[in-house]
Amino acid sequence: MIYPLKKLSFRTIFDAVADAMLLTDDSDHIVLVNPAAQQLFGYSAEELSGLAIEMLIVPRYRGQYQELFLNRPAKHSKSVGNELIALNRDGKEMLLDVSLSPIKTQQQLYVLITFNATNRRLDAEEALRGSEERLRLAKQAAGLGVFDYDFKHNIVYWDQQMRMLWGKPSEESISYEEFVAAIHPEDRAARQAAIDKAMDPASDGEFKAEYRVINSANDVERWISARGRVYFESGFAYRLIGVTRDITEQKILQRKLQAQRNETEKIIKQQVAARTASAIAHELNQPLAAISAYCEVVLHALLSDAFNSGDLRRALEGCVEQAQRAGRSLHELLAFLQKGELITEQLNLHDVINEALSIVYSDGYRRFHVVFHFEKNLPPVQCNRTQIQKVLINLFRNAIEAMDASDLPTLTITTTLHTLAGTKMAKVIVQDNGPGLDHDIAERIFEPFFTTKPTGIGMGLDISRALAEVNGGQLWVEPDAKPGAKFQFTLPFAP
Ligand code: ADP
């Protein structure tokens with residue numbers, strides 16, 4: 001059965017609808033408001049009627065929504081996603097879905113507007129506030145300040161963090177001159193140069209500088225790292241926006257490290273000087289001793305009646321030879337210390353060992369004999385001849401001196417030469433039958449200046465190890481070797 005709808009007027013329906021509804025006239029003014037809309041907006045029907053509809057819209061979005069209403073002859077249903085941010089009486093912003101239904105009568109064009117509160121949070125605004133808050137917290141955590149330097153008006157806008165550093169917490173902007181006045185005078189020129197460079201239209205506009213700022217409120221000096229970018233308009237720089245960071249702690253640490261480095265460098269230089277002097281002494285010791293001995297022979301000969309010109313000549317020739325040797329040694333030592341290019345050649349180690357032994361012999365070390373264990377057909381090594389000779393001479397001399405000091409009837413040096421298994425290296429072993437090395441001493445013998453000899457300098461092994469390493473090998477002492485001491489070093493075969 002169909003009931004007559006006569007009594008169901010438009011007004012009854014309009015007031016009964018659960019959705020908030022408004023009726024506007026041609027000029028967008030409200031003519032009718034249903035109770036749901038009154039409730040939604042918090043105004044009475046009297047207060048709303050006659051008002052322009054845009055009064056219910058948040059001012060900053062009015063322009064944006066104007067189009068929605070201008071297009072009103074077309075129907076807008078909710079589903080098309082027409083959203084609007086409206087204001088209620090308490091100033092609360094509400095995100096509403098809006099549908100528009102034009103109703104044409106003969107005289108007027110009304111628009112029925114239905115609002116539906118959405119469940120979505122309104123939150124362009126809140127999101128913005130949230131992201132601003134996040135940015136603020138991040139800036140705070142990173143100790144970042146933000147500045148915006150307006151070139152045209154010569155004003156710097158800055159945030160709280162920077163204002164605190166400059167000691168002007170309440171000034172939201174200052175003149176550029178005031179801004180610069182707090183910068184340490186020694187740092188101004190470099191900073192200005194960085195700005196000028198960034199302002200050059202041919203540059204990428206990037207600004208980077210580190211400078212000190214003296215807080216005008218308490219005179220405290222802080223280091224600032226500033227980074228930013230210059231913005232250009234029609235080829236002219238008009239703005240520099242950037243961030244600053246307080247890097248004072250970092251600078252203090254850097255200074256401490258630098259001071260430590262300087263101190264270490266000083267110590268190293270002193271050590272190098274001492275080692276160089278000792279190395280020179282080590283090189284000169286032997287020839288000087290020999291020259292002195294030859295000179296004594298000459299003096300003795302001159303004073304004695306048995307004057308033999310042949311002996312005299314030999315002694316003087318010895319002097320000349322030793323003096324030349326001392327000169328050569330110094331020359332080589334200096335070249336080594338200056339770390340010039342290492343001149344290497346293919347060497348038959350067998351020959352180099354024999355050369356070293358004959359030098360040791362001519363130095364007056366005669367009471368010893370050598371046992372050789374040489375691998376047949378050992379390939380040549382690629383090394384500097386004089387340096388390897390020096391290593392061998394040091395090892396032979398040490399061995400003889402150690403054996404000599406313990407009054408042994410026979411002094412034997414066993415020299416072994418073979419390939420270090422599984423490598424492309426030759427290994428040389430120099431072993432004596434002397435007293436050997438105590439554990440404690442063995443641990444220290446490579447230290448510079450370590451010596452147990454009354455006239456020793458303690459540089460021989462230190463220099464020898466360095467020479468072996470410069471030539472691509474290694475030198476070490478075999479612990480607990482019996483009998484005597486067993487030194488070994490390696491050298492690379494020629495490629
Ligand atoms: P120096 O010969 O001037 O003492 P070295 O650096 O050549 O300087 O040697 C350091 C020390 O190592 C020697 O004083 C000695 O105590 C010990 N040493 C070196 N070679 C031997 C060896 N073959 N036998 C026993 N001790 C040795």
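That block above? That's the structure.
Computed from a predicted model, the values in this text were never measured in an experiment.

(A) Broad picture of helix α14 (residues 460–470). Among the residues making up α14, those that are buried are G460, L461, D462, I463, S464, L467 and A468. Directly after α14, the chain includes G472, whose backbone phi takes a positive value near 90°.

(B) Highlighting helix α9 (residues 248–303). Taking 1.5 Å of rise per residue, 56 residues should cover 82 Å, and α9 covers 79 Å from first to last C-alpha, within 8% of that figure. Roughly 35° is the biggest bend found in α9, and it falls at N285, with proline P287 one to four residues downstream. When α9 is considered as a whole, its buried residues turn out to be T248, K251, S278, A279, H282, E283, Q286, P287, A290, I291, V298 and A301.

(C) Fine view of the nonpolar core. In this structure, L392, F396, F487 and F489 are the most contacted members of the largest nonpolar core, which totals 44 residues. Taken together, the elements giving at least two residues each to this core come down to α11 (349–362), β14 (381–383), α12 (385–405), β15 (412–419), β16 (425–432), α14, β17 (475–477) and β18 (486–492). Of all hydrophobic cores here, the second largest spans 26 residues; its members include F151, I195, Y211 and L240.

(D) The arrangement of the sheet that holds strand β7 (residues 155–158) in detail. The strand order β8-β7-β6-β11-β10-β9 describes an open sheet built from six strands, whose pairing is antiparallel. Looking along the sheet, the strands with just one partner apiece sit at the ends: β8 (173–175) and β9 (206–214). Averaged over neighbouring strand pairs, the angle between their axes works out to 25° when direction is ignored. Across the face of the sheet, helix α8 (residues 185–199) comes into contact with β9, β10 (221–233) and β11 (236–246) while running at roughly 160° to β9. Across the sheet, α9 is in contact with β9, β10 and β11; its angle to β10 comes to roughly 120°.

(E) Spotlight on the pairing of strand β3 (residues 83–87). As defined by bridge partners, β3 adjoins strand β4 (residues 93–104) across five bridges and the pair is classed as antiparallel. Opposite L84, over in β4, you have L96 as the bridge partner. In this structure, the hairpin formed by β3 and β4 is closed by a connection of five residues, where G91 is found at a positive phi of approximately 85°.

(F) Structural view of the site of the ligand. Taken together, 19 residues are adjacent to the ligand, and N398, T451, T452, K453 and G458 come closest. Within the side chain of K453, one N or O atom sits 2.7 Å away from an oxygen atom of the ligand. Here an oxygen atom of the ligand sits 2.9 Å away from a polar atom, N or O, in the main chain of L461. Calculation on the ligand without its partners gives an accessible area of 540 Å², and the protein chains cover 93% of this total. The cavity that encloses the ligand is the largest pocket. In terms of residues, the shell around the ligand owes the most to one element, α12, which gives three residues. Considering only residue class, the shell around the ligand consists of 10 nonpolar, seven polar and two charged.

Conventions used here
- Residues numbered from 1 in each chain as written.
- Predicted model: local features only at pLDDT ≥ 70, side-chain atom pairs only at ≥ 80, totals over all residues.
- Heavy atoms only, no water.
- Buried < 20%, exposed > 50% of the residue type's maximum accessible area, 1.4 Å probe, protein only.
- Helix = DSSP H or I, 4+ residues; strand = E, 2+ residues; numbered from the N terminus.
- Expected span 1.5 Å × (residues − 1).
- Bend = angle between axes of the 7 residues up to and from the residue.
- Core = buried A, V, L, I, M, F, W, Y, C linked by side-chain atoms within 4.5 Å.
- Pairing = 2+ DSSP bridges.
- Axes fitted to C-alpha atoms, helices over the stretch in contact; angles between N-to-C directions.
- Contact = heavy atoms within 4.5 Å.
- Near = heavy atom within 4 Å.
- Polar contact = N/O pair within 3.5 Å; in protein donor to acceptor, adjacent residues only side chain to side chain.
- Areas by Shrake-Rupley, 256 points an atom, 1.4 Å probe, with all protein chains shown as cover.
- 1 Å grid on protein atoms, 1.4 Å probe; cavity = no way out; pocket = protein on both sides within 12 Å on 5 of 7 lines; lining within 4 Å.
- Sits in = over half its atoms within 2 Å of the grid points.
- Nonpolar A, V, L, I, M, F, W, Y, C, P; charged D, E, K, R; others polar.

Function-wise, these values are silent; they only describe arrangement.
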